[in-house]
Amino acid sequence: MSSGGPMSKKRRIAILIEVETPLRRHLDVLAGIQQVATTADWDTTLIPVTDFDLSDNRNQAFDGFVGRIGRSLAIKAKEHNIPAVNVWLNTDAENLPGVFPDWRQAGKIATQHLLSLGFRKLAYVGFTEQRGVQLQIAGYNASASDIAFQHTVDLFDHSYALSAAAWQSFSDQLDALVATWEPRTGVCVSNDSLGRFIIERCERHGLRVPREIAIVSMENEPLVCEYTNPQLSSVDVGYQQVGVRAASLLEQLISGCKSPESPTWMPPRGIVKRRSSDAYGVADPEIAKCLHFIATHAHGHITVDDVATHVCLSRRTLERRFKQEVLCTVGEEITRARLEMAKTQLFEPGLSIKMIARRSGFRDSSQLCAVFQRELGLSPGQFRKTHVISSTA
């Protein structure tokens, strides 16, 4: 929306994002902010630091700040009564409204993906003293505790890049951890770079990815995920929608709206499946064949009997062995696969709910809506509105 009439003064907004390193968590957030800035007709200044001294910028009277904001700027902004919205979860700034990826949900999505592949030995690997990691662990534990018979958490110091000695210490510790893993373990990783390090260590210890160790990371950074061998499955946390929502919130604050009392958590867009998790963590080869059949045919209105026929088992035998290996029924797995297909298609704004229901194997849109409400607590339309980025967000 416009900030005023044709003769009104443009709002001057400082965007604090480091752009020297071309990472999605910076550039996609910036793209989302700029999307709103264009619609709102802001006059923007890009400042690639988390803190700067307002007293050194007397000639730049800003109406608002958005981006990765540190403590000193947050204090100065409050003193000058300038609205500010943070997108930096690990900031030392306090009492600022913030918009962040929902890392707890990201942890759940990664874990549920591995569980859906039949992995019941799980491991989480991340870094200490990061708020997002603690939220990921909460999501991981919530999903794993009732299904996995083994799930561990290991954390490392994130200062490995500070010196050669720090790197060697980190590398040795990571080697020691990977050496303890057994085949058919599913691994959730806090970010993509760490996921790459783990893939390299698995190869060093003779653990084949994904056949013996399946790996899912977070953030979906293309520069890392697509140039790792094998390519890395990762949760797309939706950084651009974080930028859109943060800029929209800043516009509201400048217009006089009350600051929210708690952070805004943006749900992930979903998992981007690549080769690192293209395997099944079940010992029974026929059940692995069932999982593959369901994953590739759930959109075609298959039934439990179709799955049983595919593996030449009686329905009763199939249900018993499937439940033993995967810890859910065949019907539940078919529904889960259809739900994931529907979620992916909801990112395409041109598809109607009725068409999505048909394409993803549901009987009709009513059944699709009922499954969404039961499993996610919201309708397909609400899911689409939350996730799909538009210029009106």
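What comes next is a walk through the structure. Throughout, residues of each chain are indexed from 1 in the direction in which the sequence is written. Local features in a predicted model are, by the rule used here, given only for residues with pLDDT of at least 70; side-chain atom pairs are given and counted only at 80 or more, and totals for whole chains, interfaces and linings are based on all residues. Computation of side-chain values: all heavy atoms of the structure, hydrogens and water removed.

### Thoughts on the overall build of the protein chain
Spelled out, the test is: Only DSSP runs of H or I covering at least 4 residues are called helices, and only runs of E covering at least 2 are called strands; the numbering of each starts at the N terminus. The reference for a compact globule is 2.2 Å times residues^0.38; the radius of gyration itself is calculated from the C-alpha atoms. Throughout this description, buried means an accessible area under 20% of the type-specific maximum (1.4 Å probe, protein chains only), exposed means over 50%, and partly exposed covers the range between. By definition in these notes, contact holds between two residues if any of their heavy atoms fall within 4.5 Å. Residue-level accessible areas treat just the shown protein chains as cover; the underlying method is Shrake-Rupley with a 1.4 Å probe. In this tally Asp and Glu are treated as negative and Lys and Arg as positive; neither His nor the chain ends contributes. The location of each charge is read from NZ of Lys, CZ of Arg, CG of Asp or CD of Glu.
Looking only at helices and strands, the protein chain has 15 helices and twelve strands in total. For 393 residues, the compact-globule formula gives about 21 Å, and the C-alpha radius of gyration of the protein chain, at 23 Å, lands near that figure. Taken along its principal axes, the extent of the C-alpha atoms in the protein chain is 75 × 55 × 35 Å. When each of the 393 residues of the protein chain is scored for burial, the buried share is 50%. Counting contacts in the protein chain only where the partners sit at least 6 residues apart, residues at least 24 apart contribute 69% of the total. Accessible surface, the protein chain: about 18600 Å² in total, of which carbon and sulfur atoms supply 49%. Side-chain charges of the protein chain comprise 44 positive and 43 negative groups, with the mean position of each set lying 6 Å from the other.

### Quick word on the sheet that holds strand β3 (residues 64–67)
Where we set the bar: Only strands that DSSP links by at least two bridges are regarded as paired with each other. Only the contacting stretch of a helix is used when fitting its axis, a line to C-alpha atoms as for every element, and angles between N-to-C directions run 0 to 180 degrees.
On the basis of which strands lie adjacent, the open sheet formed by four strands has the order β2-β1-β3-β4 and parallel pairing. With partners counted over all chains shown, the strands left at the sheet margins are β2 (43–47) and β4 (84–86), one partner each. Across the sheet, the mean angle from the axis of one strand to that of its neighbour is 20°, orientation sign disregarded.

### What to know about the pattern of salt bridges
Pairs can form between side chains of opposite charge once their charged atoms are near each other. Selection criterion: Salt-bridge detection follows one rule: a side-chain nitrogen of Lys or Arg within 4 Å of a carboxyl oxygen of Asp or Glu.
Evaluation of the coordinates by the stated rule reveals 22 salt bridges. Salt-bridge contacts for Glu 200 lead to Arg 201; the nearest nitrogen and oxygen are separated by 3.6 Å. A relative accessible area of 1% places Arg 201 in the buried class. Counted as one network, the salt bridges with shared partners bring together Asp 175, Arg 196, Glu 200, Arg 201 and Arg 204.

### So, the packing of helix α5 (residues 164–178) against helix α6 (residues 192–204)
So the rule is basically this: The cut-offs work like this: below 35 degrees is roughly parallel, past 145 is roughly antiparallel, 65 to 115 is roughly perpendicular, and the gaps in between are oblique. For a crossing to be left-handed, the near helix must be turned anticlockwise from the far one by less than a right angle; the clockwise case is right-handed. Amino acids outside the nonpolar list (Ala, Val, Leu, Ile, Met, Phe, Trp, Tyr, Cys, Pro) and the charged list (Asp, Glu, Lys, Arg) are all regarded as polar, and Gly is one of them.
Contact pair α5 / α6: the axes reach a minimum separation of 10 Å and the direction vectors enclose 60°. With respect to α6, the element α5 is oriented oblique. α5 and α6 meet at a crossing whose hand is right-handed. Within the contact between the two elements, α5 uses Trp 167, Phe 170, Ser 171, Leu 174, Asp 175 and Val 178 and α6 uses Leu 194, Phe 197, Ile 198, Arg 201, Cys 202 and Arg 204. Of the residues belonging to the contact of α5 with α6, the class tally is eight nonpolar, one polar and three charged.

### Thoughts on the packing of aromatic side chains
Applied cut-off: Side-chain rings of Phe, Tyr and Trp, where Trp is taken by its six-membered ring, are said to pair if the distance between their centres is within 6.5 Å; with planes under 30 degrees apart they count as stacked, over 60 as edge-to-face, and otherwise as tilted.
Summed over all chains, the structure comprises 13 aromatic pairs. Where Tyr 124 meets Tyr 140, the ring centres are 5.6 Å apart and the plane angle is 45°; that geometry is what we call tilted. Remark: Tyr 140 occurs in helix α4 (residues 131–144) and Tyr 124 occurs in strand β6 (residues 121–127); sequence separation between them is 16 residues. Overall, the relative accessible area of 0% leaves Tyr 124 in the buried class. Among the aromatic residues, ring-to-ring pairing joins Phe 127, Phe 156, Tyr 160, Trp 167, Phe 170 and Phe 197 into one connected group.

### A few points about the pairing of strand β8 (residues 185–189)
Note the cut-off: Every crossover in which the path from the first strand over the helix to the second runs clockwise, viewed with the strands pointing away from the viewer, is termed right-handed.
A large share of β8 lies buried, amounting to five of its five residues. Here β8 shows two buried faces, one formed by Thr 185, Val 187 and Val 189 and the other by Gly 186 and Cys 188. For β6 and β8, the ladder comprises five bridges, and the chain directions are parallel. Among the inter-strand pairings, Leu 122 is bridged to a residue of β8, identified as Gly 186. A crossover connection joins β8 to the parallel strand β9 (residues 213–218) through α6; in handedness this β-α-β unit is right-handed.

### Points about the side chain of Arg 321
Threshold: The term polar contact refers here to a pair of N or O atoms within 3.5 Å; inside protein, the definition further demands a hydrogen-donor-capable atom paired with an acceptor-capable atom, and it admits residues adjacent in sequence only when both atoms are side-chain atoms.
Following the sequence through the fold, Arg 321 ends up in helix α11 (residues 315–326). Here Glu 286 takes part through its side chain, which lies 2.4 Å from a polar atom of the side chain of Arg 321. If sequence neighbours within four positions are ignored, Arg 321 has contacts with Asp 284, Glu 286, Ile 287 and Leu 313.

### Concerning the nonpolar core
Nonpolar side chains in soluble globular proteins tend to be buried together. Operational definition: Joining through side-chain atoms within 4.5 Å is the link that ties buried Ala, Val, Leu, Ile, Met, Phe, Trp, Tyr and Cys residues into a set, and such a set is a nonpolar core.
In this structure, Trp 42, Val 66, Val 85, Leu 122 and Val 235 are the most contacted members of the largest nonpolar core, which totals 47 residues. Of all the secondary structure elements, the ones that give two or more residues to this core are β1 (12–16), α1 (24–40), β5 (99–101), α3 (103–116), β6, α4, β9 and α8 (239–254). Among the elements that make up this core, the one with the highest residue count is α8 (eight residues). When near neighbours in sequence (up to four residues on either side) are disregarded, Val 85 contacts Phe 65, Val 66, Gly 67, Ile 69, Pro 97, Val 99, Ala 246, Leu 249, Leu 250 and Leu 253. By size, the runner-up hydrophobic cluster in this structure holds 23 residues, among which are Phe 170, Val 178, Leu 194 and Ile 215.

### Thoughts on unusual backbone geometry
With an omega of 10°, the peptide bond between Val 209 and Pro 210 qualifies as cis. Following the sequence through the fold, Pro 210 ends up in the loop between α6 and β9. Going from Asn 229 to Pro 230, the amide bond is cis rather than trans, its omega being 0°. Note on placement: Pro 230 falls in the loop between α7 (222–225) and β10 (233–236). Its identity is not glycine, yet Arg 184 carries a phi of approximately 65°, on the positive side. As for its placement among the helices and strands, Arg 184 is situated in the loop between α5 and β8. We classify Arg 184 as partly exposed; its relative accessible area is 37%.

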